[in-house]
Amino acid sequence: TFDWVTPDRKLKVSSPVGVLAKPLDLSDRDYLARAERAPWLLQLSAPRLGGVSGRWVIPAGMGITDGSGAFLGSITFGLDLQELTGRLSQ
């Protein structure tokens with residue numbers, strides 16, 4: 001899944017759900033702080049339960065800026081650990 005997180009670290013759009021009626025607060029996600037400090041570089045974090053999926057994922061995100069360098073937010077996704085384990089064990 002791919003998600004959009006605003007500069008104030010609110011998850012507003014998630015690919016399986018669409019626009020969320022009540023944005024999720026992701027301010028505790030360390031990779032989002034790194035994505036803001038170093039936009040355009042992929043940031044990974046320790047495994048945790050996904051905010052939308054409820055599954056164990058490796059969270060990842062990339063900060064996005066406009067042409068003048070202003071931070072616009074982050075594109076995020078989660079690598080599903082169950083899926084990864086299943087594919088690696090085949």
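None of these values were measured; they are calculated from a predicted model.

Rules used in this analysis
Residues numbered from 1 in each chain as written. Predicted model: local features only at pLDDT ≥ 70, side-chain atom pairs only at ≥ 80, totals over all residues. Heavy atoms only, no water. Core = buried A, V, L, I, M, F, W, Y, C linked by side-chain atoms within 4.5 Å. Buried < 20%, exposed > 50% of the residue type's maximum accessible area, 1.4 Å probe, protein only. Contact = heavy atoms within 4.5 Å. Helix = DSSP H or I, 4+ residues; strand = E, 2+ residues; numbered from the N terminus.

Colleague: Help me understand the nonpolar core, please; the structure alone is not making it clear to me.
Modeller: Most often, soluble globular proteins have nonpolar side chains that are buried together. Counting residues in each nonpolar core, the largest one holds six residues, listed as Val-5, Leu-11, Leu-20, Leu-26, Tyr-31 and Leu-32. Setting aside chain neighbours within four positions, we find Val-5 in contact with Lys-10, Leu-11, Leu-26, Leu-32, Gly-73, Ser-74 and Thr-76.

Colleague: It is not clear to me how unusual backbone geometry should be interpreted in this structure. Could you clarify?
Modeller: Residues apart from glycine generally show negative phi values, whereas peptide bonds are mostly found in trans. Phi angles above zero are rare outside glycine, and Arg-9 is one such case at about 65°. With respect to the element layout, Arg-9 can be found in the loop between β1 (2-5) and β2 (10-14). Of note in this structure, Trp-40 is not a glycine but carries a positive phi near 75°. Turning to its location among the elements, Trp-40 is positioned in the loop between α1 (30-37) and β4 (43-44). For Trp-40, a relative accessible area of 48% gives the class partly exposed.

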